[in-house]
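Chain by chain, the residues run as shown.
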Amino acid sequence: MLRLRMTGGEINKEKLRFIADSIEKYDISLAHITTCETLQLHNLSAEQVCSLIEEAFDHEIITMGGGGDFPRNVMCPPLSGVQKDEYFDVMPYAKEAADYLLGFINTVKLPRKLKVCFSNSKENVTHATFRDLGFAAKENGTFDVYSAGGLGRSPRMGALVASDIQPSKILYYIKAMIETFTTYGNYDNRAAARTRFMQETLGTEGYIKAYQEKLSKVLAEENLDLKIELPEITKAGDGNTLNSPRAILQKQPGLYAVSYHPVGGSPKPEFFRKLYDVILPMEDVLVRLSPDEGMYIINLTSSEAEKILAITSDSANNTFESSVACIGASICQVGARDSQSLLHACVERVRKENFPDKTLPKIHISGCPSSCSAHQIAPLGFRGGVRQTPDGPKPAFAVFEQGCETQGEESFAEDLGVMLESEIPEFLAELGKEIASHHQTYEQFTAEHRDKFMKIVQKYTA
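Right, let's walk through the structure included here.

1. Details of helix 10 (residues 424-437)
With 14 residues, helix 10 extends 20 Å from end C-alpha to end C-alpha; this agrees with the ideal 20 Å at 1.5 Å per step. Downstream of helix 10 by a residue or two, histidine 439 has a phi angle that is positive, lying close to 55°.

Put into structure tokens, the structure is as follows:
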């Protein structure tokens, strides 16, 4: 597998053409959008990987540091710069951060991977308040900075290490993070080598003090101020309007973004060529990968949006079908269960019931405790494992509920027990029937009928 870095998930036309060309040249059978807004190309030979690394670099796509103990892909909300209710466009700062972090790959040995992200609103889709380092935009045009958070084993909310910082100063805070991690991170035990464990070894207040000491030193010694000319979209709409649940009005008058979410996050390989051919003549159109394994095509007129809607007709039809599943144990070496197979089985079963949208939520399925699907902050999540039965151990998933990523309301999900993998599709169908009988959404039902929800859960976890 080769992972292509896409800062903020952004893919321009040239990069999209390279992806389409590579898929055809190497007969690539599986392309997967990750929850870190990158694109993974699977089932490659060693020779193909080596060739693609060089060819990607020639098209300004970096692959180094896509895995291992490096700064990972810098994340950004996919609609940054076009979203109506955003505080401000954070994409230019994400790009500067990514360029800066790449310089550490060959010069600094980190204890483990380092994930940096930016958010542009309280939606917090990139989890800025609980990443290794997160810049959370504020209404006053500044960032709050959160550090040493993360999902997986021993999840932690980030510690607020700075408030109201000017966007031009972000690189100082990144350098301070690098200095703190290399000083206090665990180089001896990989299982405890993520930044969140520094809150355990130092204590949260001790960690904040340690970070701020490094920050003071960096501010005194470095010259890392940014001067950024913010981009401006001048494209005009075509005067028409469009009514589709997947067409989102941008803050630029007359322009649309179209969402596309292939079930499981793996578009058909030939889709990338089709998309490139359609957007090639369109002015200022970009592709943005999203943290839920989908994508947005932005800066479209209504007529252009109609063309994109036509070629993405295989998109998820509702909230539930846009659920998130990691690549799973059929590919991942550390995975315990096949997340993708479970997701497709659940979608197939639930489609038979034809529930109204939002009867069931967007679920998150992880094959192991690493939480690559972010099951720990999902309204309903599943984590791969094993359940002992009278007939011996069987494939199963632990069930998690009531997680939330929204800034100011963040919470980690509660573990409700373990379900057999084979029974989860029927659990969701039964739950959906009960919710539909009340003519409510999942959110409304679980808030008002907790006892009925738990009765169904316990039937499958007992």
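There's plenty left to go through after this.
2. A look at the pattern of salt bridges
Should their charged atoms come close, side chains of opposite charge can pair. In this structure the tally under the stated criterion is 26 salt bridges. With a closest N to O distance of 2.8 Å, aspartate 292 and lysine 362 form a salt bridge. You can see aspartate 292 sitting in the loop between strand 11 (286-289) and strand 12 (295-300) and its partner lysine 362 sitting in the loop between helix 9 (339-351) and strand 14 (363-366), a full 70 residues away along the chain. We classify aspartate 292 as buried; its relative accessible area is 18%. A salt bridge links arginine 450 to glutamate 414; the shortest N-O distance between them is 3.9 Å. Taken together, the positions of arginine 450 in helix 12 (residues 450-461) and glutamate 414 in strand 17 (residues 414-420) put the pair 36 residues apart, joining distant regions of the chain. Among the charged side chains, a salt-bridge network with shared partners connects Asp69, Lys109, Arg112 and Arg190.

3. Considering helix 12
For helix 12, with twelve residues, the first-to-last C-alpha span of 16 Å sits near the 16 Å given by 1.5 Å per residue. All of the buried residues along helix 12 are Phe453, Met454, Ile456, Val457, Tyr460 and Thr461. The buried residues of helix 12 all sit within an arc of 160° when viewed along its axis, so they share a single face. Away from the buried face of helix 12 by more than 90 degrees, exposed residues Asp451, Lys455 and Lys459 are located. Summarising the contacts, the buried residues of helix 12 are in contact with strand 15 (380-389), strand 16 (392-401), strand 17, helix 10 and helix 11 (442-448).

4. Topic: the side chain of serine 323
Along the chain, serine 323 turns up in the loop between helix 8 (302-311) and strand 13 (324-325). By relative accessible area, which is 0% here, serine 323 ends up buried. The contact partners of serine 323, leaving out residues within four places of it in the chain, are His261, Leu343, Pro361, Lys362 and Ile363.

5. Quick notes on the packing of helix 4 (residues 170-184) against helix 6 (residues 204-221)
Viewed as axis vectors pointing N to C, helix 4 and helix 6 meet at an angle of 125°, and their least axial separation amounts to 8 Å. Relative to helix 6, the element helix 4 lies oblique. Regarding helix 4 and helix 6, the two cross each other, and that crossing is right-handed. Note on element contacts: helix 6 touches helix 4 through Tyr207, Ala210, Tyr211, Glu213, Lys214, Leu215, Val218 and Leu219, opposite Tyr172, Tyr173, Lys175, Ala176, Met177, Glu179, Thr180, Thr183 and Tyr184. Among the residues forming the contact of helix 4 with helix 6, the class breakdown is eleven nonpolar, two polar and four charged.

6. A few points about the state of the cysteines
Applying the stated criterion across every chain, the model contains zero disulfides. With no disulfide partner, cysteine 404 has as its closest neighbouring cysteine sulfur the one in cysteine 117, 16 Å distant.

7. Describing the packing of aromatic side chains
Across all of its chains, the model carries 13 aromatic pairs by this definition. Centre to centre, the rings of phenylalanine 427 and tyrosine 460 are 5.6 Å apart; their planes meet at 65°, and the pair counts as edge-to-face. Here tyrosine 460 lies in helix 12 and phenylalanine 427 lies in helix 10, a separation of 33 residues in the sequence. Each residue in the set Phe88, Tyr93, Phe118, Phe135 and Phe143 is aromatic and connected to the rest through ring pairs, giving one cluster.

8. Observations regarding the environment of phenylalanine 70
By secondary structure assignment, the location of phenylalanine 70 is in the loop between helix 2 (46-58) and helix 3 (91-102). Separated by 42 residues in sequence, phenylalanine 70 and arginine 112 have C-alpha atoms that sit 6.6 Å apart. The contact partners of phenylalanine 70, leaving out residues within four places of it in the chain, are Gly65, Ile105, Leu110, Arg112, Lys113 and Leu114.

9. Focus on the sheet that holds strand 1 (residues 2-4)
Here we have three strands laid out as an open sheet, ordered 1-4-3, and antiparallel in their pairing. Each having just a single partner strand, strand 1 and strand 3 (30-33) make up the two edges of the open sheet. Sheet twist, expressed as the mean angle between neighbouring strand axes with direction ignored, is 25°. Inspection of the sheet shows strand 1 paired to strand 4 (residues 39-42) by three bridges, in the antiparallel sense. Bridge pairing links leucine 2 to leucine 41 in strand 4.

10. Here's the deal with the nonpolar core
The biggest cluster of nonpolar side chains holds 43 residues, and the ones touching the most others in it are Phe118, Phe135, Phe143, Val145, Ile170, Tyr173 and Tyr211. Counting residues per element, the ones that place at least two in this core are helix 3, strand 5 (116-119), strand 6 (133-137), strand 7 (143-147), strand 8 (159-165), helix 4 and helix 6. The biggest single contributor to this core is helix 4, with nine residues. Counting residues in each nonpolar core, the second largest holds 42 residues, with Ile11, Ala20, Ile297 and Leu309 among its members.

Reading the values: rules and limits
Residues numbered from 1 in each chain as written. Predicted model: local features only at pLDDT ≥ 70, side-chain atom pairs only at ≥ 80, totals over all residues. Heavy atoms only, no water. Helix = DSSP H or I, 4+ residues; strand = E, 2+ residues; numbered from the N terminus. Expected span 1.5 Å × (residues − 1). Salt bridge = Lys/Arg side-chain N within 4 Å of Asp/Glu carboxyl O. Buried < 20%, exposed > 50% of the residue type's maximum accessible area, 1.4 Å probe, protein only. Arc of directions from axis to C-beta. Contact = heavy atoms within 4.5 Å. Axes fitted to C-alpha atoms, helices over the stretch in contact; angles between N-to-C directions. Parallel < 35°, antiparallel > 145°, perpendicular 65-115°, else oblique. Left-handed = near helix turned anticlockwise from the far one by under 90°. Nonpolar A, V, L, I, M, F, W, Y, C, P; charged D, E, K, R; others polar. Disulfide = S-S within 2.5 Å. Phe/Tyr/Trp six-rings, centres within 6.5 Å; stacked < 30°, edge-to-face > 60°. Pairing = 2+ DSSP bridges. Core = buried A, V, L, I, M, F, W, Y, C linked by side-chain atoms within 4.5 Å.

Just distances and angles here, no functional claims.
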